[in-house]
Every structure is written in C-alpha cells, then in structure tokens.
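The lines below spell out each chain.
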Amino acid sequence: MKTVSQVSSLTGVSVRTLHHYDAIGLLKPTAISPAGYRLYDGRALARLQQILLFRELEFPLREIQAILDSPNYTLSQALEQQIDLLTLKKERLERLIALAQDIKLTGGKHMDFTAFDTAKQKEYAAQAKALYGHTPEYQESQEREAGRSPEETQALGSQMMEIFAGLGRLQKLGPQAGEVQAQIQRLQDFITAHFYTCSEQTLAGLGLMYASGGELGENIDKAGGPGTAAFAGEAIAIYCGKAKKDGNI
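This is a predicted model, so every value here is computed, not measured.

Caption draft 1: Spotlight on the pattern of salt bridges. As enumerated under the stated definition, the model contains four salt bridges in all. The residue Asp 22 makes a salt bridge to Lys 28 at a minimum N-O spacing of 2.8 Å. Here Lys 90 ties to Glu 94 by a salt bridge, and the two come within 3.3 Å at their closest N and O atoms. In this pair, Lys 90 and Glu 94 are both assigned in helix α5 (residues 75-106), four residues apart and thus about one turn of the helix distant. Here Lys 90 falls in the partly exposed class, since its relative accessible area comes to 43%. Looking at Glu 94, the relative accessible area reads 43%, which means it is partly exposed.

The structure is reproduced here in structure tokens:
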C-alpha cells in the first residue's frame, strides 16, 4: 500500500489532483489508515495508469469515469484503443514537426494546413467512447435485456455467433464481396432487431472493437475460424464507408 504522497511522487500526479479524483469518485483510495491517510494498492495504481492514458488522449474526466465503470470495460480492449489513438496522435505530431521544418526551410512560404486536421483522431475517439455503455444504444439494450429470460439471451447470442460463422466461411471471397456485405447487413439488422438500434456509425464502432482482439474477438474467431474477427472489422469498414459515401451516415 502507498500513501497519497508516495503515489504523487511515483506518478507525478499532484496530491491535490489525487484528492480531487477521490472527491468525484474517479479514483477512490483502497483504504484509509488509522491516522486518516489515503492508501492505494496495486489495483488502484493500475486504474490511475488508465486514467492518465485517457487524459493523455484528452478524454474528459467524466467520460473516463464512465468508461472505467462500464460493465463493457476490459483492460485489453482499452489498451488496444489507446495504442491506436496514441499512434494517430504521434503521426499528427510528426506531420506538424515536418511542417514546421518546411516552414523554416522556405522562410514561412509553405502554406499547408492539413497537418492541423484532427478529424480522424476525433472520429476514432468518438467510436471508442461509444463502446463502453453510457449511450442510448446501451440503455436500449438494457431495457430489452430486462424482458428476456436467460435462455432467450443465450439463444440470441448463439444466433449472432452463427452470423459470424457465416462470415468466417466467406473469408476467401474478400471483405468487399457482395455475399460478405450482405452478411454484414444481416448482422446490423439482427442487432437492431434484438439488442439496440444499430446505425452505421454504431456499427463502425463495433467493427473496430471486433478487430481490436480481446475476449469478444476470440469468441468470434472460435465461431468463424481464425481471422474472422479481423475480417468482420474490414468488411464492416467497407460497408459503413459505402453508406457514408451514399449519404446514409
């Protein structure tokens, strides 16, 4: 166990900030010593590490708390998304450095503003946030879940895995094939019919989640064979890209 001062020294997070995290429920101490000192164990430090990674990506504190407390949260999935987002951030910084160097070499005559564009990073961040639960889709799924028996829920899960099994059998055709795209539409329709309204934007976020690995990706690969989860992610990206081009997003 570490005191709040020790945690501050270890992490560089001020004692005042740690007190604030405690006050808002974002990072509660593991215990309080008889003398009244906040104490943190390894689990609390691991949560703090996640908080700091999300803060580095400029997530607001309330959204970080919603993500970490979501029933959908898994560390492996969060890390995959953080790596992707940090990579996008790194690439943007590299473009900005290159732009600054070009401006220096040309004496300020290099007029290129594309390096300042953060649209891709913001879009991916929004999709990542949508996966963790405090969304209309999650609320809708909870309401529908309340009206089902455990047997019905299990049956729906099996039916959904059958859709992924069908995708697995179609891998040899490529993600852009008509049969594959029809299977993606079947998946979207199934989710809308039984869980929550699955818009193309929501489906795009699910595709990223399927392709990012973790327990869900492993289950999809078990249903459809190795590579099915990644293949589903590719096929969904094509499906949603076409929808965006057609003006449906």
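Caption draft 2: View of the packing of helix α9 (residues 178-194) against helix α10 (residues 200-211). Where α9 meets α10, the axes come as close as 11 Å, and the angle between the chain directions of the two elements is 110 degrees. On the basis of the axis angle, α9 is roughly perpendicular to α10. Contacts between α9 and α10 involve Ile 184, Leu 187, Gln 188 and Ile 191 on the former and, on the latter, Glu 200, Leu 203, Leu 206 and Tyr 210. Its residues assigned to classes, the contact of α9 with α10 comprises six nonpolar, one polar and one charged.

Caption draft 3: A nonpolar patch on the surface, seen in detail. Together, Leu 75, Leu 79 and Ile 83 line one region of the surface with nonpolar side chains, adding up to about 250 Å² of accessible area. Here Leu 75 lies in helix α5. In this structure Leu 75 comes out as partly exposed when scored by relative accessible area, which is 47%.

Caption draft 4: Expanded view of the sheet that holds strand β3 (residues 38-40). Reading across from one edge, β1-β3-β2 is the order of the three strands in this open sheet, with antiparallel pairing throughout. Where the open sheet ends on each side, the last strands, each with one partner, are β1 (2-3) and β2 (31-32). Examined bridge by bridge, β1 and β3 share two bridges and lie antiparallel to one another. Residue pairing across strands places Thr 3 opposite Leu 39, the latter belonging to β3.

Caption draft 5: Representation of the nonpolar core within the structure. Counting residues in hydrophobic clusters, the biggest one holds 28 residues, and the most contacted among them are Met 160, Phe 164, Leu 187, Ile 191, Leu 203, Leu 206 and Tyr 210. Elements with a minimum of two residues in this core: α8 (150-169), α9, α10 and α12 (228-245). If you tally residues by element for this core, the top one is α12, at seven residues. Residues in contact with Ile 191, not counting those within four places in the same chain, are Arg 144, Met 160, Tyr 196, Cys 198, Leu 206 and Tyr 210.

Definitions and limits used
- Residues numbered from 1 in each chain as written.
- Predicted model: local features only at pLDDT ≥ 70, side-chain atom pairs only at ≥ 80, totals over all residues.
- Heavy atoms only, no water.
- Salt bridge = Lys/Arg side-chain N within 4 Å of Asp/Glu carboxyl O.
- Helix = DSSP H or I, 4+ residues; strand = E, 2+ residues; numbered from the N terminus.
- Buried < 20%, exposed > 50% of the residue type's maximum accessible area, 1.4 Å probe, protein only.
- Axes fitted to C-alpha atoms, helices over the stretch in contact; angles between N-to-C directions.
- Parallel < 35°, antiparallel > 145°, perpendicular 65-115°, else oblique.
- Contact = heavy atoms within 4.5 Å.
- Nonpolar A, V, L, I, M, F, W, Y, C, P; charged D, E, K, R; others polar.
- Patch = residues over 30% accessible without salt bridge, like charges linked within 9 Å, V, L, I, M, F, W, Y side chains within 5 Å.
- Areas by Shrake-Rupley, 256 points an atom, 1.4 Å probe, with all protein chains shown as cover.
- Pairing = 2+ DSSP bridges.
- Core = buried A, V, L, I, M, F, W, Y, C linked by side-chain atoms within 4.5 Å.

No statement about biological role is implied by the geometric values presented.
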